[in-house]
Each structure stands twice: as C-alpha cells, then as structure tokens.
Amino acid sequence: MAEKSENTAGAYFHCTNLSAHVNSLLKPVEAEALTPTRAALWSPWPAWVWIELRTDHAGETGAVWIYKGVLAASRDPEVREFARDHIRTESRHLQEVSAILPPAKRSRLVWLWRGLGWMTGALPGLFGRTAVFATIEAVETFVDRHYQAQIDRLRAESGDARLVSLLESWRSDELAHRDDAARRLSERPRPALAIWTRLVGVGSALAVQAARLV
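Reading the values: the criteria
Residues numbered from 1 in each chain as written. Predicted model: local features only at pLDDT ≥ 70, side-chain atom pairs only at ≥ 80, totals over all residues. Heavy atoms only, no water. Salt bridge = Lys/Arg side-chain N within 4 Å of Asp/Glu carboxyl O. Helix = DSSP H or I, 4+ residues; strand = E, 2+ residues; numbered from the N terminus. Buried < 20%, exposed > 50% of the residue type's maximum accessible area, 1.4 Å probe, protein only. Axes fitted to C-alpha atoms, helices over the stretch in contact; angles between N-to-C directions. Left-handed = near helix turned anticlockwise from the far one by under 90°. Contact = heavy atoms within 4.5 Å. Nonpolar A, V, L, I, M, F, W, Y, C, P; charged D, E, K, R; others polar. Patch = residues over 30% accessible without salt bridge, like charges linked within 9 Å, V, L, I, M, F, W, Y side chains within 5 Å. Areas by Shrake-Rupley, 256 points an atom, 1.4 Å probe, with all protein chains shown as cover. pLDDT = per-residue confidence, 0-100. Core = buried A, V, L, I, M, F, W, Y, C linked by side-chain atoms within 4.5 Å. 1 Å grid on protein atoms, 1.4 Å probe; cavity = no way out; pocket = protein on both sides within 12 Å on 5 of 7 lines; lining within 4 Å. Points joined across faces, edges and corners; volume = space filled by probe spheres on them. Expected span 1.5 Å × (residues − 1).

The subject of this paragraph is the pattern of salt bridges. Applying the stated criterion across every chain, the model contains 15 salt bridges. Salt-bridge contacts for R92 lead to D173; the nearest nitrogen and oxygen are separated by 2.8 Å. Of this pair, R92 sits in helix α4 (residues 77-100) while D173 sits in helix α7 (residues 161-184), and the two are 81 residues apart along the sequence. Taking the relative accessible area as the measure of exposure, D173 reaches 19% and is therefore buried. Residue D160 pairs with R162 through a salt bridge whose shortest N-O separation is 3.0 Å. Among the residues examined, D160 registers a relative accessible area of 12% and is labelled buried.

The following block contains the structure:
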C-alpha cells in the first residue's frame with residue numbers, strides 16, 4: 001500500500017514537466033493561425049453536417065487531451081510510448097477538422113472537453129497500463145460507431161464524397177487505436193474497471209449530445 005501511494009505521489013510530481021513537454025508538441029496544432037479555415041473550398045453542406053463536424057471537433061479535442069492526461073500521470077514506458085504514438089494521430093485529426101470547421105461553428109464547451117479529456121486519461125494513468133488500455137479501447141469503440149453513423153448518413157443522402165473519405169480515414173485511425181489497445185491488454189478488466197469503461201462509453205455519448213447543442 002505504501003509503495004502504491006509513493007508511486008502515485010511520484011506521478012503527480014512529474015505532471016508539470018510532462019505537461020509542459022506535451023504542450024510544446026501540440027502548440028502548432030492548437031494555434032488557430034496555423035490552421036486557417038478552408039470551409040469555403042468545400043461544397044455547401046446541410047446544417048446537420050456542420051453540427052456533426054462540431055461533435056467531431058469536440059471529440060478530437062477530447063482525444064488529444066486524454067493522451068495528455070495519460071502522459072502527465074503515467075511513468076510506464078509502454079504506456080508513454082503508446083500515448084505518444086497515438087497523440088500524433090489525434091493531433092492531426094484535430095488539425096484537419098479545425099481546417100474545415102470555422103471557429104464560430106465549434107462547440108462553446110471546448111474548455112470542458114479539454115478538462116474531461118485530461119481526466120479521462122490521467123485517472124487510468126495513475127492505476128496502470130491495464131486501466132489505460134481498457135479506457136482507450138472503450139473510447140475508440142464509441143468513436144468507431146460515431147464516425148460510422150456519420151458516414152452511413154452521408155452516403156444515404158449522396159453527401160460530399162470528399163467528406164466521406166475524410167471521415168473514413170479518421171475512423172480507420174481510431175480503429176487502429178482501439179485494436180492496438182486491445183492487443184496490449186494482458187487481462188480483461190475486473191469489475192471496477194469494467195464499470196469505469198462503461199461510464200466512459202456513456203460519458204462519450206453524453207458529450208456528443210452536448211456538443212450538438214452547445
């Protein structure tokens with residue numbers, strides 16, 4: 001018990017330096033000046049598409065901050081390598097959706113998605129690799145369904161093929177993240193962790209609904 005407490009405290013002591021390092025990696029992605037909107041280059045889209053893109057922007061923001069939370073809390077080499085690899089992909093997704101979604105159309109709760117994302121990564125980061133990988137598997141399972149629903153509706157309505165292709169590329173990346181996390185799980189989640197992953201799935205669904213509205 002004392003060893004676990006000492007490890008947890010040590011993780012917190014590393015948060016400041018680790019967060020600064022991750023911030024330096026993400027600075028180009030989150031700087032609006034480096035991702036000018038190209039929405040005018042895309043075909044006119046119905047209102048629901050812009051609303052869904054708002055949820056995608058919120059989700060990719062949360063995803064980046066999940067990995068920031070993992071990197072801040074975990075000192076496990078495997079977990080940190082996993083997080084560094086995947087944060088690059090999520091950062092690219094955020095840059096791409098930011099390039100086509102004007103700031104005025106984005107969720108006004110970006111600050112909340114950042115905070116909740118960080119907590120969703122940091123909490124399992126404190127409890128070890130199984131918690132981290134199970135959390136990412138749960139998040140990406142939801143994201144897969146979310147992107148697939150958008151793709152299906154666009155295809156049914158003969159939507160912009162370029163947007164369909166972009167969504168398919170994001171979904172493919174998220175599936176790779178899910179499968180990577182699943183492969184790294186050495187054991188299936190125990191009851192407490194299983195409850196946590198269900199909450200993560202429910203929370204993701206609620207976040208999407210909130211982003212659609214605000």
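The next point concerns the packing of helix α3 (residues 47-73) against helix α5 (residues 110-127). Between α3 and α5, the least distance of the axes is 6 Å, while the angle of their chain directions is 35°. For α3 against α5, the interelement crossing comes out right-handed. Across the interface between the two elements, H57, A58, T61, G62, W65, I66, K68, G69, V70, A72 and A73 from α3 touch V110, W113, R114, G117, W118, T120, G121, A122, G125 and L126 from α5. Here the contact of α3 with α5 is composed, by residue class, of 11 nonpolar, eight polar and two charged.

Here we come to a nonpolar patch on the surface. The grouping of L116, M119 and L123 at the surface amounts to a nonpolar patch, some 250 Å² of accessible area in total. Here L116 shows up in helix α5. Given a relative accessible area of 39%, L116 falls into the partly exposed group.

Chain-level statistics for the protein give a pLDDT mean of 85 and a share of 80% at 70 or above. Counted against residues more than four places away or in other chains, residues 1-37, with its pLDDT under 50, gives 43 contacts.

Our next topic: the nonpolar core. One finds L53 and L163 to be the most contacted residues of the largest nonpolar core, which totals 41 residues. Contributing elements (two or more residues each) for this core: α3, α4, α6 (129-156), α7 and α8 (191-213). The element that contributes the greatest number of residues to this core is α6, accounting for 12 residues.

Below, the discussion takes up empty space enclosed by the protein. Going through the model one piece at a time under the given rule, you end up with one cavity of 30 Å³ or more. Of the pockets and cavities examined, the largest cavity occupies roughly 40 Å³. The wall of the largest cavity is formed by W48, V49, E52, L53, D56, Q150, L154, L163 and L167. Where the lining of the largest cavity is concerned, the elements lending two or more residues are α3, α6 and α7. The element contributing the most residues to the lining of the largest cavity is α3, with five residues.

What follows concerns α6. With 28 residues, α6 extends 40 Å from end C-alpha to end C-alpha; this agrees with the ideal 40 Å at 1.5 Å per step. S158 lies just past α6 and shows a positive phi near 55°.

As for its placement among the helices and strands, E174 is situated in helix α7. In sequence terms E174 and Y147 are 27 residues apart; their C-alpha atoms lie 9.4 Å from each other. With residues near it in sequence (within four places) discarded, E174 still touches E60, E90, H93, E140, V143 and Y147.

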